[in-house]
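Each chain, letter by letter, is given below.
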Amino acid sequence: MHSTHKARRVVAAGAGAALAASALVLVPAAAQAAPGGDALVISEAYGGGGNSGAPVTHDFVELYNPTDADVDLAGLLLEYRSASGGSGGVVDLEGTVGAGEHFLVQLGAGANADAEALPTPDQEQAIAMSASSGRVFLYEEGFDSAAEGDLAGAEGLVDMIGYGGAASFETAPAPGLGNAVSASRSADGTDSDDNSADFAATAPTPTNSAGETAADEPTDPDEPTEPVEPGEPVPIAEANGSAGATVTTRGVVTADYREGGFNGFTIQDPAGDPDDGTSDAIFVWGDRARAEIGQSVSVTGEVSVYNGLTEITVDGLEVLDEDLGEIEPITDWNAIATPEGRQAHLSELVQIDGFTVSDNYDANRYGSFGLAYGDEALRQPTDVIDPHDGEAIAAAEADIDARSITLDDGRSTNFGNQQDAPLSYLTPETPVRVGSAVSFSEPFVLDYRYDAWNLQPTTPVDGSASDIVEFSDERAENASPQEVGGDVSLATFNVLNYFPTTGEEFEAAGLGDCTFYTDRAGAPTTNNRCEPNGPRGAADAENLERQQTKIVSAISELDASIVSLEEIENSAHFGKDRDFAVASLVDALNEKDGEGTWSYAASPDELPADEDVIRNAFIFRDAEVDLVGESHILTDSDAFGNAREPLFQAFTAEGAPEDEAFLVSTNHFKSKGSGTDDGTGQGNANPDRIAQAEALAAYAAELQGSTGIEPVFLAGDFNSYASEDPVREIEAAGYTNLNYALNGGEATYNYDGLDGSLDHVFANEAALELVTGVDVWQINAQEQIGFEYSRYNGNATLLYDESVFRASDHNPILVGIAADADEPTEPVADEWRKGEVYTSGDVVTHKGAEYVAQWWTTEKPGTTPWGSWMEQGEPVACEAGEVDSWTKSQVYTGGERVAHHGEVFEAQWWTRNQNPVAANNAWEAVGSC
């Protein structure tokens, strides 16, 4: 619970100077909540000004001074930011707000001529706010308004409101708003630092410093507004180009959103021209927008464009006796792959397969998923492309844009606020992982909403919606890691702030104070902020048990001989032995796997003078490996002033002589979230990570010299994608990135809907000779965050379970090692290697599939069906004998046969990437399997 009140600063000539006889003037200071009404607050925010149905012409923000002294606005800024994006504009505030008075800032205007003007504003600037979701900040110079999450009490922030689907807020967002609805604080200005509690969705009541207000004249309920008389019908395509005009148009109802918050339906003209560049469908909005799917209707109303969506605000509606015809959905992605194509088919029905889930982060908040057209999720450009190759990066980003679209749920529900409403699509049985293939069994509507292009179901989703869309099961093949061979194995695993010291314990010990994230019952789950420099993980013992259960299950099933750990508590910060946390994890593992199974590498005697609250560590299986000497930690490097110093430990296979030892380091470089942006597209603090890579390589060489051990593995979370500068520094020092050289570069992380690897295991030349195989166990990064312990009981749909899935946010990497140097083992046969040159006829395996090269290439197999590699089909038993299954990238010529979906097809002429079951193609069905 927040308890610190906002402080007040008095303007005076000097210390001890007498106050002027005029009214006392206060300067608002940034601190925490003001439940006593003793600080300037945002009292109302409204973004629907001048839109269809809006009562007033302009967006506005109203401030209120609940104190008994005037407040000076000098030095304060008012900023609007979109719900999760950039700034819409900043107002440099001027003047004062009188005691007990309001201050009205007029913002952008709309086109609704029937709306009332605001009262005379105290300040104005043309900034357009979203009517439904957004963020408004009142702050001092220097505050970072780009920060996300709970910002209550943030340094420099005077007050803020996040409403609807806002990415930042105080405690929790205020409700979503609308054209006729504002967010309004109680009249006394009470500020509890909880937007969801402090603001109510009400009719706008803008008030200026003179106390003047504006409001609609209420309509006499005994004198209902007459509907507009219908005119001569125009085609929907013509209506789409008639913004500001009142029209009558006709179409077939294709989607019904009377429930779920959209408040309308869509109609489409079956007689429209799909190739004329103008949509033959339109959204119909308003309380009178009531019709059934399949009905042919005539609609009369004003056409407008609302946040990019063309719509008719319905004034008259008639269900027609005649049937206007059937609607044929669009089935070709190319028709809507470009912005122009999408605009030309806005609100039309589409039914297209061939999508892969690339982003599921918002699924437990907004019921939406990012989709990529194609067989793979989208990739971080700098994971595979030199960040300094601007042309290649731009081409990759353009490809990402061209392949992306959002799957939404036909609702405006924010499940973060409406936690008792069951989630859309996402259930324990349908986890909808990144990488899941998507199959639609019914048409969806191509929609533009929330600043994004969406596929909307024709009615709001209820539950899994498996009757209209299916997602492939990607968990089954990841139930266990792949075999990597070797005598022993090494893994790296970021364990997501594993802190046995909970926030509850931290407070009880008198070490500081915490704020907590809570579940839908109000019970704490994880720590929000514990100050000073407190724990970051579970809020209490119950949640720690949930977190630990998943981590222990994952590490046990990973079955590695050695595990390098990142993001584990440095217990010395809480007055405990530095190894308390890692010892606690080992105890939990031994309880599961048997006493004496696991041990840890103890901290060295010499430690850095100033360490982070998280650290790196090693655990290992006693029966499989032995420690050689004590661990070593880098202690004197300026490069690691903002990151965790590398920890090294030497190991041998159990019982092997020490001259067969190998060195392993566990690493956790500076994150991308803060620090200086060097403008290279590699996130903040890239120069720091480059320096850390250089220092790590130098320290590894120093330890090689002092220990005489030649093979070195560098493992951990490097916070750098595989083609970024820090990774290139390590590779330049003579190390090979094993996941990319031997495993095709499987993703260990997903950020903003893009797959990539921040985690790596590097091997120098001597260590590379020992490697027998590599696997990324995809149990975490592809999983929706709702399955994490931190989201336990966050919604009526309970997703948490005790399985290995979403034990963390990073996937572990597993490496097989032939620890006996006298018997080296070849790497996995014929596995594709990044950077290696292949020529025509070369055969490789990649992600379990076999490929044949058509010409000289360094390309990764499976990247495109038109590239240098041809995937080889698996043999299928058919009635006429064994036939290879069809693959997209294989080149077929006339007479060749394939098996596909239980049938045998014969090519009539040359063909590639042409699905045998598609219409008008080179294939002829000739039998069955």
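Please refer to the structure higher up on the page.
Criteria and thresholds
- Residues numbered from 1 in each chain as written.
- Predicted model: local features only at pLDDT ≥ 70, side-chain atom pairs only at ≥ 80, totals over all residues.
- Heavy atoms only, no water.
- Pairing = 2+ DSSP bridges.
- Helix = DSSP H or I, 4+ residues; strand = E, 2+ residues; numbered from the N terminus.
- Contact = heavy atoms within 4.5 Å.
- Axes fitted to C-alpha atoms, helices over the stretch in contact; angles between N-to-C directions.
- Core = buried A, V, L, I, M, F, W, Y, C linked by side-chain atoms within 4.5 Å.
- Buried < 20%, exposed > 50% of the residue type's maximum accessible area, 1.4 Å probe, protein only.
- Disulfide = S-S within 2.5 Å.
- Salt bridge = Lys/Arg side-chain N within 4 Å of Asp/Glu carboxyl O.

*Asks:* Explain the sheet that holds strand 36 (residues 625-633) here, please?
*Replies:* The pairing of strands in a sheet comes from backbone hydrogen bonds and takes either a parallel or an antiparallel form. The mixed open sheet is built from six strands, whose spatial order is 36-37-38-39-43-40. This sheet does not close on itself; its edge strands, each paired only once, are strand 36 and strand 40 (736-737). In the sheet, strand 38 (residues 662-668) pairs with strand 39 (residues 712-717) via six bridges, with the strands oriented parallel. Residue pairing across strands places Leu663 opposite Val712, the latter belonging to strand 39. Its contacts with the sheet place helix 11 (residues 725-732) against strand 39, strand 40 and strand 43 (759-763), and it is angled at close to 15° to strand 43.

*Asks:* Looking at this structure, I do not really get the nonpolar core. What am I missing?
*Replies:* One finds Leu371 and Leu455 to be the most contacted residues of the largest nonpolar core, which totals 42 residues. Considering each element in turn, this core owes the most residues, four residues, to strand 27 (residues 444-449). Apart from residues lying up to four places away in sequence, Leu371 is in contact with Phe355, Thr356, Val357, Ser358, Arg403, Ser404, Ile405, Leu407, Val438, Phe440 and Leu455. Ranked by size, the runner-up nonpolar core spans 33 residues in total, among them Ile568, Val582, Leu589 and Tyr789.

*Asks:* Sorry if this is basic, but what is going on with the sheet that holds strand 44 (residues 771-776) here?
*Replies:* If you walk across this open sheet you meet the six strands as 34-35-33-30-45-44, and the pairing is mixed. Each end of this open sheet is capped by a strand with a single partner; those strands are strand 34 (598-600) and strand 44. If you compare each strand with its neighbour and ignore which way they point, the axes differ by 20° on average. Bridging between strand 34 and strand 35 (residues 614-621) involves three bridges; their strand directions are antiparallel. Each residue of the ladder has a partner; that of Tyr600, found in strand 35, is Ile619. In the packing of helix 8 (residues 541-558) onto the sheet, the strands contacted are strand 30 (488-498), strand 33 (562-569), strand 34, strand 35 and strand 45 (813-817), and the crossing angle to strand 30 comes to about 165°. Packed on one face of the sheet, helix 9 (residues 580-593) meets strand 30, strand 33, strand 34 and strand 35 and runs near 170° to strand 34.

*Asks:* Please explain the state of the cysteines as it appears in this structure.
*Replies:* The bond known as a disulfide is covalent and runs between the sulfur atoms of two cysteines. Following the criterion strictly, the structure yields two disulfides and no others. A sulfur-sulfur separation of 2.0 Å characterises the disulfide bridge that pairs Cys514 with Cys530. Where Cys514 bonds to Cys530 through sulfur, the torsion about that S-S bond is close to 115°, and the disulfide is right-handed. On the criterion of sequence distance, the pair formed by Cys514 in strand 31 (residues 513-518) and Cys530 in strand 32 (residues 524-531) is long-range, its members being 16 residues apart. Assigned by exposure class, Cys514 and Cys530 land together as buried. A disulfide bridge connects Cys878 with Cys929, and the sulfur atoms are separated by 1.9 Å. Torsion about the S-S bond of the Cys878 and Cys929 cystine: about 70°, corresponding to right-handed handedness. Taken together, the residues Cys878 in strand 49 (residues 875-878) and Cys929 in the segment after strand 53 (923-928) connect sequence positions 51 residues apart. Here Cys929 falls in the partly exposed class, since its relative accessible area comes to 38%. With its disulfide-bonded cysteines labelled consecutively along the sequence, the protein is connected as 1-2, 3-4.

*Asks:* What is the right way to read the pattern of salt bridges from this model?
*Replies:* If the charged atoms of two oppositely charged side chains come close together, the side chains can form a pair. For the structure shown, the criterion picks out 25 salt bridges. Among the salt bridges present, the one from Lys576 reaches Glu505, with a minimum N-O distance of 2.9 Å. Taken together, the residues Lys576 in the loop between strand 33 and helix 9 and Glu505 in helix 7 (residues 503-508) connect sequence positions 71 residues apart. Given a relative accessible area of 22%, Lys576 falls into the partly exposed group. Of the charged contacts in the structure, one is a salt bridge between Arg644 and Asp612, with a shortest N-O distance of 2.9 Å. Of this pair, Arg644 sits in strand 37 (residues 644-653) while Asp612 sits in the loop between strand 34 and strand 35; the two residues are 32 residues apart in sequence, bridging distant segments of the chain. Taken together, the shared-partner salt bridges in this structure form one network comprising Asp159, Arg185, Asp191 and Asp198.

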